[in-house]
Amino acid sequence: TKRYRAGVKFQERGMLEEAIVEYDKAIELDPYFVQAFSNRGAAYHQLGKLDLTIKDLDEAIRLRPKLAVGYSNRGMAYGSMGKFDKAIRDLNSAIQLNPKFPDFYSARGYLLSASGRHRTALRDFERAINIDPKLAEAYNNRADVYLALSQPEEAVGDLDEAIKLDRNFAIAYV
């Protein structure tokens, strides 16, 4: 719908409050508009409104139980709340629904690492890289795990690769 498209444009420009207003209107017009709930949830997440994020993503998943990105986004929101078991369960669901999407493995690896499960996280980053060898974020996040495991040589190699793949990937320079 027109309102939904306006919300997407606002969100792409970082105008999150405006995007939410447009998604609200799209949902008023169609209370079964899954993508509007999903995108509004993502906008709430960007604003740090995690309870609203979870609420919208719960609704998106209720309306479309096979919405892999809904599980992934909700998992990342739970991760932001420090609820790592729930977060990882959601990423497991996303991967089960779409096992060939490398970002889901990278996201689960990030959550596993944040919860202290570094060796398991390494396996997820390796899966992500095997699926998409050009996923700079996976190399960067795997480097963080190597540093946590006191393996600086491997970390430097992954950071170099992340920079080679995406020169604008500033975090890899740090």
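Up top is the structure.
Below or above, wherever it landed, is the structure these notes cover. Keep in mind the model is a prediction, meaning the values are calculated, not measured. (Residues numbered from 1 in each chain as written. Predicted model: local features only at pLDDT ≥ 70, side-chain atom pairs only at ≥ 80, totals over all residues. Heavy atoms only, no water.)

Some words on the side chain of Asn39
Right, on to step 1. Here Asn39 is to be found in helix H3 (residues 34-46).
Right, on to step 2. Note on Asn39: relative accessible area 14%, which makes it buried.
Right, on to step 3. Among the polar contacts made by the side chain of Asn39, one reaches the side chain of Tyr4 at a distance of 3.2 Å.
Right, on to step 4. Excluding residues within four positions of it along the chain, Asn39 makes contact with Tyr4, Val8, Gln11 and Tyr23. (Helix = DSSP H or I, 4+ residues; strand = E, 2+ residues; numbered from the N terminus. Buried < 20%, exposed > 50% of the residue type's maximum accessible area, 1.4 Å probe, protein only. Polar contact = N/O pair within 3.5 Å; in protein donor to acceptor, adjacent residues only side chain to side chain. Contact = heavy atoms within 4.5 Å.)

Things to note about helix H2 (residues 16-29)
Right, on to step 1. Spanning 14 residues, H2 covers 20 Å between terminal C-alpha atoms, matching the ideal 20 Å at 1.5 Å per step.
Right, on to step 2. For H2, every residue scored as buried is listed here: Leu16, Ala19, Ile20, Glu22, Tyr23, Ala26 and Ile27. Taken down its axis, H2 places every buried residue within 165° of arc, on the same side. Of the exposed residues in H2, the ones pointing more than 90 degrees away from its buried face are Glu28 and Leu29.
Right, on to step 3. Its buried side turned inward, H2 meets helix H1 (2-12) and H3. (Expected span 1.5 Å × (residues − 1). Arc of directions from axis to C-beta.)

Let's talk about the packing of aromatic side chains
Right, on to step 1. According to the stated counting rule, one finds 3 aromatic pairs in the structure shown.
Right, on to step 2. Aromatic pair Tyr4 and Tyr23: ring centres 5.8 Å apart, planes at 45°, arrangement tilted. On the criterion of sequence distance, the pair formed by Tyr4 in helix H1 and Tyr23 in helix H2 is long-range, its members being 19 residues apart.
Right, on to step 3. Overall, the relative accessible area of 0% leaves Tyr23 in the buried class.
Right, on to step 4. Ring centres of Tyr4 and Phe33 lie 4.8 Å apart, and the angle between their planes is 40°; on these two criteria the pair is classed as tilted. One end of the pair, Tyr4, is in helix H1; the other, Phe33, is in the loop between H2 and H3, and 29 residues separate them in sequence.
Right, on to step 5. Judged by relative accessible area, which is 16%, Tyr4 ranks as buried.
Right, on to step 6. Judged by its relative accessible area of 15%, Phe33 is buried.
Right, on to step 7. An aromatic cluster of three or more residues is present, and its members are Tyr4, Tyr23 and Phe33. (Phe/Tyr/Trp six-rings, centres within 6.5 Å; stacked < 30°, edge-to-face > 60°.)

A closer look at the environment of Asp90
Right, on to step 1. With respect to the helices and strands, the residue Asp90 is situated in helix H6 (residues 84-97).
Right, on to step 2. For Asp90 and Glu59, which are 31 residues apart along the polypeptide, the C-alpha to C-alpha distance reads 14 Å.
Right, on to step 3. When neighbours within four sequence positions are excluded, Asp90 is seen to be in contact with Tyr71, Arg74, Gly75 and Tyr78.

Some remarks on the pattern of salt bridges
Right, on to step 1. Taken as a whole and judged by the stated rule, the model has 12 salt bridges.
Right, on to step 2. When the shortest N-O distance is used, the salt bridge between Lys49 and Glu17 registers 3.7 Å. Of the two residues, Lys49 is situated in the loop between H3 and helix H4 (50-63) and Glu17 in helix H2; the sequence distance between them amounts to 32 residues.
Right, on to step 3. On the basis of relative accessibility, which here comes to 34%, the residue Lys49 falls in the partly exposed class.
Right, on to step 4. The partly exposed category is assigned to Glu17, whose relative accessible area is 43%.
Right, on to step 5. Taken together, the shared-partner salt bridges in this structure form one network comprising Asp24, Arg40 and Asp56. (Salt bridge = Lys/Arg side-chain N within 4 Å of Asp/Glu carboxyl O.)

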